[in-house]
Structures are given as C-alpha cells and as structure tokens.
Amino acid sequence: MKIGTCIDSLVSYAMNCGLAEPEDHQVLTNRLLDLLGLEDYAPSEELLSEDLEQILADILDYAVQKGLCDDGITARDIFDTRIMGAITPMPREVIGTFRRLYAEDPVKATDWYYRFSCDTDYIRRYRIAKDMRWKYPSGYGEMDITINLSKPEKDPKAIAAARNAPQTAYPKCQLCRENEGYAGRMGHPARANHRIVPLEICGADWCLQYSPYVYYNEHCIVFNAQHVPMKIDRSAFEKLLDFVRVFPHYFVGSNADLPIVGGSILSHEHFQGGRYTFAMETAPVETALTFRDFGDIHAGIVKWPMSVIRLRGADPARIAALADKILAEWRGYTDESVGIIAFSGGQPHNTITPIARRRGEDYELDLVLRCNITTEEHPLGVFHPHADKHHIKKENIGLIEVMGLAVLPSRLKDELTALAEAVAAGADIAADPVLAKHAPWVGELKDRYAFTAENALQILLQETGKVFAAVLEDAGVYKNTCEGRAAFLRFARQVDQAT
C-alpha cells in the first residue's frame, strides 16, 4: 500500500470509529504528513483499507525504509503508537463522553470506553487474538487456561538501548497518570494513544483505564491518582466495595501487598477489575461461618483450591469492618502445624488478596488468605508453585490466577506443540535440551494415556490445566484435607473470639 493511501486509510478509519469528525480531516492528514516527513501530498485514488493492522504495518515499513524508525519490535511499537496518538481525541473529549454516557447507564459508559481503547490501538486486538485460551473442568469449577502471546518480548536492541539510556524518574512507574500521552522510550512503553478516566473512590481521586494486554473481558485497572504503595487494610476493602457501587456490573480485586504473593507493581496502589465471571465467583460456600457481632453478614469458606472466606451483606461498611477484623487476626496468626508463620526475622508474611463484586443488591467480598514464608525446601515460597510444577508455572500467583485464570508463559506455546509431536513419535524427551524439563511429567502421563499424533496435544493441554489447579492448591495456606480444614476452622474460631 502506498504511503498516501495509508494516510488516507488511517484518517478514514478514525472517522469510521468515531475518533474524529469530518471537520477534523485536514488537521489529521497534516499531522500524519508531519510525522512521516512528507512535504507533498495528493488524496489517494486507490481503494482505502479498513485493516488497521495492515495500515500500521505498511506505515512502519515506510518509516523504517526512510530512517524514521529502527527496525525492532520496541522501536516500531513506539512509532506506531505515536502515529495513533495523532488521531486520538484529547482527554477532555474522552472524559466528557464517558461522563455523559455514565449519567445514562454505567454499562453504556464502560462499553464505549472499552471500544474506544481498542479503536485507538491502545489495546491491540490483533495481538490479543493470538493468545491461546482453553477451559479446564477442574473439581473446583471450569478454569481458564491462557498462554499470553500479546505482550511483546523485548528485542536485544531495545534491551541494550534501555541499558545505555540516561536514567529518568518520569513517569515514576507504568501506572502513573503521567503515562497518558507519553511518547515512550526504550524500557518504558509508549502511551501516546492512552486516555484515562478520572474517578472518585471513597472521596479520593482515582483513575480508570484498561489493561493493554486484556487477560479477560474488559480487563480494567483502577489506580490511585497519587503514587503511593500497595497496602491491604480496611481502607482498601472500603475502596473495592465503593468501586462496585459505582460500577455494579464489574468485579474488582487487589493483589496482595507483599512480595511472592503480591503483584508485579507494589509501588503504586492499584486494583484490577472487569466484566468477567471467573470460576472462583461461581464456586459455592462449603462451610458456613458465623462471627460474633456480625450476624447481618453471611460468611463461609469457599470450595476452592486456595483458602477463601466469603462475606456477603447489604451494607458495605459492615463487610469492610468484618474483613478488617479478619485481616488483623491473620496478620499476626501462626500455625506451625500447617506451615503458617506470621513473622520471621522481623518480616511480616501474612496478608490477603481481596476481591469485591455485587450479588444483586448485596455486596460480596472474597478474602484469600496468603502467606509468603520461604524455607530451604521451598526457597521461592511454601505457598507458591512447587518445583515439580515449574516446567509449567514458576511465576507468582497473583490476583488473576487466584480467581482461576492461568496466565502461562509464552514459551509453552512452542514447547507443548513440540512435546506433543515428540511424545507421539516416541522420541527421547529427556535428551532434548528444551523439552527435558517436561520429561518426568510426560513419564507419568504415559502411564495413563495412549498417545497418538491425533490426541497428543489435546491431552497435554488438558493436563496443563490440571497442573494449574494443583499450582493453586500449592498456593492455598489450608489444604483441602481433614487436617487443613480443621486448621482453617481454628483460625475462624480465633477471629470469632477476638475482641
């Protein structure tokens, strides 16, 4: 596609998506001409493209050819984000539209904002479509298994450039509001096409955006307007519950505030939410609990591989008060018989991963008990994926996975395909330097399955789901055994008896 056709196609795309009006046509065209260093222009007589991925790919090829952009993944991402930034409306327009639609219906507002975030290419739909996704029917419910391929790997040029670039503290982190419209650099993603919606949560300034990688439907990030660290306390519970008051069709949760059991960004307070039903949400309460002075709150232990106390009631303030009482007891709780240690060397180990949602008119808060204690046997964490599962999942178990959605490393796409071929062919997997880590697992599977070229990959995908369910069991502080259930009830009784 000729560069003039690319420019006209992109301006036409902006009009068709509602990012611009006909009156904006000349300004957008001139912006793009400037970015591409073009001094001459005539409207294209060719058929215009509606394929955004192809339009941007052709523009990038032109930019690389003309020396406007290096030919690396990161450099190309920075440049095409700059191109999309030129056709992205200003924040005042985005905020105005969102607030007008919210006044009609919160669902209309988020529907529009999510579509907008896709249309601006902040959410790269064509990359998200490459992710592998399947379901695993576990004993706890139907879990989501994904191999995320949409988050680009850093290329060697970008790594070297980031290492040699001057250090800067702007933006402070990838969540801060300064990212809105930021051009990007090696080591920090471009956000020229990024627009944020300001919110008020519990009387304070917060912000709403969507995750550019979309692990599930309408995967949003809600972050404090101030760069303050993550902290799980009563105010965190109150904020989560207030968010689902404002957006009753969304759930919202927080990663824990300690390493190993927390998220990847602990320096900036933020939550993650969206419009998706996880297996954990549909899991039933299997053991009812009662807590003194909280007879108005329905409480119970959830049938789930991790250790979850569910609270439900009509008054969010009462739920937050009981959650705070549970947290206060858990912070200092030790039960060495099941490996739970509250403190060692002056370091705290116990915290909670909370998730809030609405059940009709009621509010519901799930409290997932976490402990980041390590031992010589489990140096990465006692309640962390154990070594026998690291061939599938070694990374921390954060909020999304706690709820039953596996985010598995991209390496598994090629590894599972190659493994299926090797198993079906009867190859020596232990002799393969890439696949050898899977050999003990495959050895066990061979005792249970007759592998063929037709069924090998499907068997491996389902068994990968089984490994993920077992990973969540590793992360549960109370195991689903007679001993584990008894220990869980001991803690619940201590909460009940606390003043």
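All of the points below concern the structure found in this document.

Cut-offs and rules
Residues numbered from 1 in each chain as written. Predicted model: local features only at pLDDT ≥ 70, side-chain atom pairs only at ≥ 80, totals over all residues. Heavy atoms only, no water. 1 Å grid on protein atoms, 1.4 Å probe; cavity = no way out; pocket = protein on both sides within 12 Å on 5 of 7 lines; lining within 4 Å. Points joined across faces, edges and corners; volume = space filled by probe spheres on them. Nonpolar A, V, L, I, M, F, W, Y, C, P; charged D, E, K, R; others polar. Buried < 20%, exposed > 50% of the residue type's maximum accessible area, 1.4 Å probe, protein only. Helix = DSSP H or I, 4+ residues; strand = E, 2+ residues; numbered from the N terminus. Pairing = 2+ DSSP bridges. Axes fitted to C-alpha atoms, helices over the stretch in contact; angles between N-to-C directions. Left-handed = near helix turned anticlockwise from the far one by under 90°. Contact = heavy atoms within 4.5 Å. Expected span 1.5 Å × (residues − 1). Patch = residues over 30% accessible without salt bridge, like charges linked within 9 Å, V, L, I, M, F, W, Y side chains within 5 Å. Areas by Shrake-Rupley, 256 points an atom, 1.4 Å probe, with all protein chains shown as cover. Salt bridge = Lys/Arg side-chain N within 4 Å of Asp/Glu carboxyl O. Lys, Arg positive; Asp, Glu negative; His and termini not counted. Charge placed at Lys NZ, Arg CZ, Asp CG, Glu CD. Core = buried A, V, L, I, M, F, W, Y, C linked by side-chain atoms within 4.5 Å.

### Let's talk about empty space enclosed by the protein
Tallied over the full model, the rule gives one cavity of 30 Å³ or more. Taken as a whole, the largest cavity holds about 30 Å³ of empty space. If you trace the largest cavity, you find it lined by Phe251, Tyr276, Phe278, Glu281, Ile355, Arg357 and Met403. Its residues assigned to classes, the lining of the largest cavity comprises five nonpolar, no polar and two charged.

### What to know about the pairing of strand 2 (residues 141-147)
Within strand 2, five of the seven residues are buried, leaving the element largely enclosed by the surrounding structure. Pairing of strand 1 (residues 132-138) with strand 2 involves seven bridges; the strand directions are antiparallel. Residue arginine 133 lies in a different strand from strand 2, and its bridge partner there is threonine 146. Turn length for the strand 1-strand 2 hairpin, with the two strands adjacent in sequence and antiparallel, is two residues.

### A look at the environment of arginine 31
By the secondary structure assignment, arginine 31 is in helix 2 (residues 25-35). When the C-alpha positions of arginine 31 and isoleucine 7 are compared, they lie 9.9 Å apart, and in sequence the two are 24 residues distant.

### Regarding the packing of helix 11 (residues 316-331) against helix 16 (residues 482-497)
The relative placement of two packed helices is expressed as an angle between their axes plus a distance between the axes. Interaxial distance between helix 11 and helix 16 falls to 10 Å at its minimum, and their mutual angle equals 120 degrees. At the point where helix 11 passes helix 16, the crossing takes the right-handed sense. Of the residues in helix 16, those in contact with Lys325, Ile326, Glu329 and Trp330 of helix 11 are Phe491, Gln494, Val495 and Asp496. Class assignment for the residues of the contact of helix 11 with helix 16 results in four nonpolar, one polar and three charged.

### Some thoughts on helix 9 (residues 234-246)
Residues three or four positions apart in an α-helix share a direction because the helix packs 3.6 residues into each turn. Here helix 9 is 13 residues long and its end C-alpha atoms lie 19 Å apart, about the 18 Å a rise of 1.5 Å per residue gives. Every buried residue of helix 9 is accounted for by Ala236, Phe237, Lys239, Leu240, Leu241, Asp242, Phe243, Val244 and Val246.

### Re the environment of isoleucine 83
On the secondary structure map, isoleucine 83 appears in helix 4 (residues 73-85). Each C-alpha atom of the pair isoleucine 83 and valine 308 lies 46 Å from the other, and the pair is 225 residues apart in sequence. Residue contacts for isoleucine 83: discarding those within four places in its chain leaves Leu10, Leu32, Leu35, Leu36, Leu56 and Ile59.

### Remarks on a negative patch on the surface
A cluster of acidic residues, Glu21, Glu23, Asp24 and Glu93, forms a negative patch on the protein surface. Secondary-structure assignment places glutamate 23 in the loop between helix 1 (3-17) and helix 2. On the basis of relative accessibility, which here comes to 66%, the residue glutamate 23 falls in the exposed class.

### Observations concerning the pattern of salt bridges
Counted according to the given criterion, the structure contains 35 salt bridges. A single network of salt bridges, built from pairs that share partners, joins Glu281, Arg310, Arg357, Arg359, Glu364 and Asp366.

### With respect to the sheet that holds strand 15 (residues 405-408)
Here three strands make up an open sheet; going across it, the order is 1-2-15 and the pairing mixed. At either margin of the open sheet sits one strand with a lone partner, and together these are strand 1 and strand 15. Across the sheet, the axes of successive neighbouring strands diverge by a mean angle of 20 degrees, strand direction being ignored. Helix 15 (residues 456-475) rests against strand 1, strand 2 and strand 15 of the sheet, and its axis sits at about 65 degrees to strand 1.

### Some points on the nonpolar core
Leu10, Phe243, Leu311, Ile326 and Tyr478 are the most contacted members of the largest nonpolar core, which has 98 residues in total. Aside from chain neighbours lying at most four places away, what touches isoleucine 326 is Phe291, Ile309, Leu311, Ile352, Leu367, Phe491 and Val495. Tyr136, Ile145, Leu408 and Leu445 belong to the second-largest nonpolar core, a separate cluster that totals 52 residues.

All we've got here are geometric facts, nothing functional implied.
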